[in-house]
Amino acid sequence: MGKYDTCMKEFLQNKDRFADLFNGCCFQGRQIIRAEDLREASENYVITDKGMPGKTRQKDTEIIRDVKMVLGSGMVLQVLAVESQSYIDYAMPVRCMGYDAAEYRRQLKERKQERRLLMNSEIRLKNPAVSMDETLSGILRSDRLHPVYTLCLYSGTEPWDGPRKLSDMMAFDPQNQNLQSLFEEYHLHLFCINEQHIFDAFHSDLKPLFQAMNCRNNKKKMIELMKDETYSHLNEDTWDAIAVMTDNAAMLQKKDLYKTKNQKEEFNMCQALQELMQDERNEGRIEGKIEDQKIVIRNMINRGYKTEDICAIAECGPAFVKEVETELALT
């Protein structure tokens, strides 16, 4: 997992943000999912390959979900999951469908373990309501699984040109529409941050994060965005997430310089960006002056000036002249 996916995964483990993500992406900001109804349930799935008869079993495969939570409403449970994606995966519908299937297999295995005691012969004699078919199936006819809803969050900068549903990956026979009508679709619940322009559907600190991410390649837009007072009072998690997702290492290194003096531990990204951009401009001016100086020294070297004369005219040291001579010899 890359740094962008790891960052987003950690950021979304907060229940308020997780609920806000689903509400903003799927329900236009309506508060359908409440953070207080969520409980963290991230886990890895191990898929066992039993192999073919007579052959040695292959190594188990581990499937890792990014963030998974259980939504509890009364006696009903729903499984919500997020897959963070920083690059275009052209197999994403199959991948997410595999994650969902692994969750259903996990639930089914758990249910069978719960029912095993009920299904043994001694209890079954006292419980004639359990049929032979239920015994063979390992679950009761009345058993139900918890539905799984997976959201794919794309944080990359390139436009998503990958499949958005399973049929986008299929090579159907154009001469046989009858078979195609039997195909069961799987839709990818995909949210591409770079396709959005307004983030008013989000009410947590996902909003300033997503807005900043959409200015990654546009300094003018970023400067304009930093006029928003929100960025003067960021919590540490949001500061770190913006710094990582916008590839701004300086903001991570100098974070403590921009801690506000109020009672809350907040950080002023507006001030930070202004100062960092001024530093970049100053560095650019210095680099420009050095390059101009090198051009003068090269001209003097080509005209046969002595080193001590070059140092006196260009106001530099012999080591710098030697450096320019070396560069000149390599060209």
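For the structure itself, look to the data block above.
Residues numbered from 1 in each chain as written. Predicted model: local features only at pLDDT ≥ 70, side-chain atom pairs only at ≥ 80, totals over all residues. Heavy atoms only, no water.

**Student:** Any chance you could break down the packing of aromatic side chains for me, citing the residues and the numbers?
**Tutor:** All chains considered together, the criterion is met by 10 aromatic pairs. With 5.3 Å between their ring centres and 40 degrees between their planes, phenylalanine 18 and phenylalanine 22 make a pair best called tilted. With phenylalanine 18 and phenylalanine 22 both in helix α2 (residues 15-26), this residue pair falls four residues apart, about one helical turn. The two residues phenylalanine 18 and phenylalanine 22 agree in class, both being buried. Pairing phenylalanine 199 with phenylalanine 202 gives two aromatic rings, centres 6.3 Å apart and planes at 40 degrees, and the pair type is tilted. According to the relative accessible area criterion, phenylalanine 199 is buried, its value standing at 3%. For phenylalanine 202, a relative accessible area of 4% corresponds to the buried category. Ring pairs connect the aromatic residues Phe191, Phe199, Phe202 and Phe210, which therefore count as one cluster. Above the face of the phenylalanine 11 ring, arginine 17 is positioned so that its terminal group lies 3.8 Å from the ring centre. (Phe/Tyr/Trp six-rings, centres within 6.5 Å; stacked < 30°, edge-to-face > 60°. Helix = DSSP H or I, 4+ residues; strand = E, 2+ residues; numbered from the N terminus. Buried < 20%, exposed > 50% of the residue type's maximum accessible area, 1.4 Å probe, protein only. Lys NZ or Arg CZ within 6 Å of the ring centre and 35° of its normal.)

**Student:** Let's hear about the pairing of strand β4 (residues 67-73): which residues, and what values?
**Tutor:** Most of β4 is tucked away: five of the seven residues are buried. In terms of strand pairing, strand β1 (residues 38-40) meets β4 through three bridges, oriented antiparallel. Across the sheet, residue arginine 39 finds its bridge partner in β4, namely valine 70. Note that β4 and strand β5 (residues 76-85) share seven bridges and pair antiparallel. Residue lysine 68 lies in a different strand from β5, and its bridge partner there is alanine 81. (Pairing = 2+ DSSP bridges.)

**Student:** Account for the pattern of salt bridges, with residues named and values stated.
**Tutor:** The full count for this structure, using the stated rule, is 23 salt bridges. Because the salt bridges share partners, they merge into one network encompassing Lys68, Glu103, Arg106 and Glu110. (Salt bridge = Lys/Arg side-chain N within 4 Å of Asp/Glu carboxyl O.)

**Student:** Can you explain the side chain of threonine 150? Please cite residues and give values.
**Tutor:** Of note, threonine 150 is situated in strand β6 (residues 148-154). A distance of 2.8 Å separates a polar atom in the side chain of threonine 150 from a polar atom in the side chain of arginine 65. Here aspartate 100 takes part through its side chain, which lies 2.5 Å from a polar atom of the side chain of threonine 150. Those residues in contact with threonine 150, other than ones at most four positions away along the chain, are Arg65, Ala81, Glu83, Cys96, Asp100 and His189. (Polar contact = N/O pair within 3.5 Å; in protein donor to acceptor, adjacent residues only side chain to side chain. Contact = heavy atoms within 4.5 Å.)

**Student:** Please provide a residue-by-residue account of the sheet that holds β6, values included.
**Tutor:** Taken together, five strands build an open sheet; the order of strands is β1-β4-β5-β6-β7 and the sheet is mixed. The open sheet has two edge strands with one neighbour each: β1 and β7 (189-192). Here the strands of the sheet are splayed against their neighbours by 25 degrees on average, with no regard to which way each runs. Sheet analysis places β5 next to β6, joined by seven bridges and oriented parallel. Considered in β6, the bridge of alanine 81 is made with threonine 150. (Axes fitted to C-alpha atoms, helices over the stretch in contact; angles between N-to-C directions.)

**Student:** Let's hear about the packing of helix α12 (residues 307-314) against helix α13 (residues 318-330): which residues, and what values?
**Tutor:** Running from N to C, α12 and α13 point in directions that differ by 110 degrees, and their axes come no closer than 9 Å. What the angle tells us is that α12 and α13 run roughly perpendicular. Between α12, through Thr307, Ile310 and Cys311, and α13, the contact on the second element is made entirely by Pro318, Val321 and Glu325. (Parallel < 35°, antiparallel > 145°, perpendicular 65-115°, else oblique.)

**Student:** Give me the nonpolar core: which residues, what numbers.
**Tutor:** Here is a general trend for soluble globular proteins: nonpolar side chains tend to be buried in one another's company. If you look at the biggest cluster of nonpolar residues, it comprises 47 residues, and the most contacted ones within it are Met8, Leu21, Leu153, Leu209, Phe210 and Tyr231. Top contributing element to this core by residue count: helix α9 (residues 236-245), with six residues. Tyr154, Trp160, Tyr186 and Cys192 belong to the second-largest nonpolar core, a separate cluster that totals 11 residues. (Core = buried A, V, L, I, M, F, W, Y, C linked by side-chain atoms within 4.5 Å.)

**Student:** Summarise helix α7 (residues 206-213); cite the residues concerned and give the values.
**Tutor:** Extensive coverage of α7 is indicated by the burial of seven of its eight residues. Among the residues of α7, those classed as buried are Leu206, Pro208, Leu209, Phe210, Gln211, Ala212 and Met213. Each element contacted by the buried residues of α7 is listed here: α1 (3-11), α2, β6, β7, α8 (219-225) and α9.

**Student:** Requested: an account of α2, with residues and values cited.
**Tutor:** Helix length check: α2 (12 residues) gives 16 Å between terminal C-alpha atoms against 16 Å at 1.5 Å per residue, within 8%. Summarising burial for α2: nine of the 12 residues are buried, a large majority. Burial in α2 covers these residues: Arg17, Phe18, Ala19, Asp20, Leu21, Phe22, Asn23, Gly24 and Cys25. Regarding α2, its N-cap is asparagine 14, as a side-chain oxygen of that residue lies 2.9 Å from the backbone nitrogen of aspartate 16 further along. Positive backbone phi, approximately 55 degrees, marks glutamine 28, located one or two places after α2. (Expected span 1.5 Å × (residues − 1).)

**Student:** An account of the environment of glutamate 236 is needed here, citing residue identities and associated values.
**Tutor:** Turning to its location among the elements, glutamate 236 is positioned in helix α9. A relative accessible area of 30% places glutamate 236 in the partly exposed class. Considered as a pair, glutamate 236 and phenylalanine 267 are 31 residues apart in the sequence and their alpha carbons are 6.9 Å apart. In contact with glutamate 236, not counting residues within four places along its chain, are Lys255, Glu265 and Phe267. Side-chain polar atoms of glutamate 236 contact the side chain of lysine 255, separated by 2.8 Å.

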